[in-house]
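Listed below are the residues making up each chain.
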Amino acid sequence: MVGVERLPGPATIVTRMGFDVVVVGGGSAGCVLASRLSEDANCSVVLVEAGPDHPDLRTLPGDVMDASEPTVGHDWGYFADADLDRGIPLPRARLMGGCSSTNACFALRGAPEDYDAWAALGNPGWGFADVLDDFRRLESDQDFDDEWHGSGGPIPIRRHPPEELNRAQAAFLDGAVASGHCYVEDHNRPGAFGAGPTPRNVLDGMRMSTAVTYLAQARSRPNLTIRPDTAVAHVECSGTRATGVRLLDGSLIEADRVVLAAGTYASPMILARSGIGPASELEALGIAPVVDLPGVGSNLADHPLVAIDLPTRPSPGPSRFQAHMTFHALRRKPQGPPTCCCLRRAHSRSDPSNVRASPCSGSWPDSWRRVHAAGCGWLPTSRTTRPGSTPPTSPIPMTSSGCSTR
Ligand SMILES: Cc1cc2nc3c(=O)[nH]c(=O)nc-3n(C[C@H](O)[C@H](O)[C@H](O)COP(=O)(O)OP(=O)(O)OC[C@H]3O[C@@H](n4cnc5c(N)ncnc54)[C@H](O)[C@@H]3O)c2cc1C
């Protein structure tokens, strides 16, 4: 949009090219933001994504289309420096839709009490009753239409019925129930702990990313500009006010509002490169602080995942990730129904009771002859994201050493 600005002094009119909002990162959040913000025809929005865009489904790469397993074929290649003798891969997608274009498509909600705890910490709007409205608005649940589920949203969600489970998946669920876990027909209903089919944002085997849902419905809007293959270097500021973003090629996109949606790892690094972050750490990296904001890059809480693949004999049936079981750590869920919960402690060097294990299981294609079981620590103790060895003059953490967690 062309903005007109009157400067003080003589009647000088300066014309500038600018947008109302620039959204940085066309990932899970960025595509939704661009779509929702551009619903207002008077709001000009530009969505800037470092990776490629595939607006035509016929050119969507096969592994992005296929929801049967996550893909790392479109990845930034980050590694965590985690005080081990090796780096830990941190897969993060680099294409339109972000990780929603590559992930496992579990459409699982968090525990209501966790949202309520966030709200109680002073974050209005994050209580479960608040986010429930958003969950309902984003989905069109193919299986349930009630107070907990939405039916008119852009993202279809369904669970595999028993007849779609292969033998290993069915045996996994039967075994869980035989071991005393509840059978859960819907993991997204509050209080559902146990084993049952995984809710997934998959339709006819296709991954329903935010690119093919939210963004697809907004693409034709004249007030939405989409800039794929365009990497943002840093936020431009006038004093402490953000005025736009500087691209890697040196050009500038001006906007009244800058929304950083470049993901857990890239957003803090873009801020740091913009001089927004802990002043002493920025100075140590040779970056002049613009705003001393100690929280930037802190309080990272990603979930480490360990997967075990167990060999099986071939059994007939389709894909993976169709069955799921939740456990809860004793300290976090003392009120959990004892017959439904397997109270367990997962590994953590510092505080074993501070980790909630939520193993999931799905069986892989029969040709692979194995069952895949994964356990996640939901409350890890790592807490920091910083630009790693990437020199501050290199604006984007393109290399595997570009980011570290400690
Ligand atoms: C392998 C894997 C499997 C997962 N499975 C699930 C699952 O089954 N269910 C679930 O709920 N969650 C899953 N997740 C997590 C979930 O996908 C992420 O939490 C979510 O996608 C994060 O959304 P985001 O918008 O914050 O970031 P992203 O989706 O990562 O989007 C960030 C976008 O910003 C772009 N970007 C970064 N830097 C720049 C820059 N400088 N300039 C321009 N653009 C930039 C990136 O290319 C990317 O497209 C999975 C994640 C991974 C990696």
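Analysis parameters
Residues numbered from 1 in each chain as written. Predicted model: local features only at pLDDT ≥ 70, side-chain atom pairs only at ≥ 80, totals over all residues. Helix = DSSP H or I, 4+ residues; strand = E, 2+ residues; numbered from the N terminus. Buried ≥ 20, exposed ≤ 12 C-beta atoms within 10 Å, placed from the backbone. Contact = placed C-beta atoms within 7 Å. Pairing = 2+ DSSP bridges. Axes fitted to C-alpha atoms, helices over the stretch in contact; angles between N-to-C directions. Core = buried A, V, L, I, M, F, W, Y, C linked by C-beta atoms within 7 Å. pLDDT = per-residue confidence, 0-100. Near = placed C-beta within 6 Å. Nonpolar A, V, L, I, M, F, W, Y, C, P; charged D, E, K, R; others polar. Right-handed = clockwise from strand over helix to strand, strands pointing away.

1. Observations concerning the overall build of the chain
- Along its length, the chain carries eight helices and 23 strands.
- For the chain, buried positions account for 39% of its 406 residues.
- Contacts in the chain between residues far apart in sequence, at least 24 positions, make up 61% of those at least 6 positions apart.

2. Some remarks on the sheet that holds strand S4 (residues 45-48)
- With mixed pairing, the six strands of this open sheet are ordered in space as S12-S4-S3-S15-S14-S13. Where the open sheet ends on each side, the last strands, each with one partner, are strand S12 (224-227) and strand S13 (232-238). Averaged over all pairs of adjacent strands, the angle between strand axes in this sheet comes to 40 degrees, irrespective of strand direction.
- Pairing analysis gives four bridges linking strand S3 (residues 19-24) to S4, with the strands arranged parallel. Looking across to S4, one finds that Val24 is bridged to Val48.

3. Points about the pairing of S12
- Here S12 shows a clear split, with Leu224 and Ile226 buried on one side and none of Thr225 and Arg227 buried on the other.
- Bridge count for S4 against S12 is four bridges, and the pairing is parallel. Counterpart to Val48 in the pairing with S12 is Arg227.

4. Some remarks on the nonpolar core
- One finds Val22, Val23, Val24, Ala34, Val48, Val258 and Ile270 to be the most contacted residues of the largest nonpolar core, which totals 60 residues.
- If we ignore the near neighbours within four places in the chain, the residues touching Val24 are Val48, Val232, Val245, Val258, Val259, Leu260, Ala261, Ala262 and Ile270.
- Within the second largest apolar cluster, six residues are counted, among which are Ala168, Phe172, Ala176 and Ala195.

5. Thoughts on the confidence of the model for the chain
- Summarising the model, the chain shows a mean pLDDT of 78, and 69% of its residues fall at 70 or more.
- Note that residues 389-406 has pLDDT below 50 and, in this model, 50 contacts with residues that lie over four places away or in other chains.

6. Describing the site of the ligand
- Looking at the ligand, there are 32 residues lining it, with Gly25, Gly27, Gly98, Cys99 and Asn103 nearest.
- For the shell around the ligand, the secondary structure elements donating two or more residues are helix H1 (28-37) and helix H7 (263-273).
- Among the elements that take part in the shell around the ligand, H7 stands out by supplying four residues, more than any other.
- Partitioned by chemical class, the residues of the shell around the ligand number 18 nonpolar, eleven polar and three charged.

7. Points about unusual backbone geometry
- Although it is not a glycine, Asp204 adopts a positive phi angle of roughly 50 degrees.
- You can see Asp204 is positioned in the loop between strand S10 (202-203) and strand S11 (206-207).
- C-beta crowding within 10 Å serves as the criterion here: with 7 such atoms nearby, Asp204 is assigned to the exposed category.
- Although it is not a glycine, Asp229 adopts a positive phi angle of roughly 50 degrees.

8. Quick look at the environment of Ser68
- Structurally, the position occupied by Ser68 is in the loop between helix H2 (62-65) and strand S5 (78-80).
- On the neighbour-count criterion, Ser68 (19 C-beta atoms within 10 Å) is partly exposed.
- Distance in space between the C-alpha atoms of Ser68 and Asn103 is 9.7 Å, their sequence separation being 35 residues.

9. Thoughts on the pairing of S4
- Residues Val45 and Leu47 line one face of S4 and the alternating positions Val46 and Val48 line the opposite face, and both faces are buried.
- For the handedness criterion, the β-α-β arrangement of S3, H1 and S4 is classed as right-handed.

10. Examining the environment of Cys237
- Mapped onto the secondary structure, Cys237 falls in strand S13.
- Exposure remark for Cys237: the 16 C-beta atoms within 10 Å place this residue in the partly exposed category.
- In this view, Cys237 contacts Ala242, Thr243, Ser274 and Val290; residues no more than four positions away in its chain are not counted.

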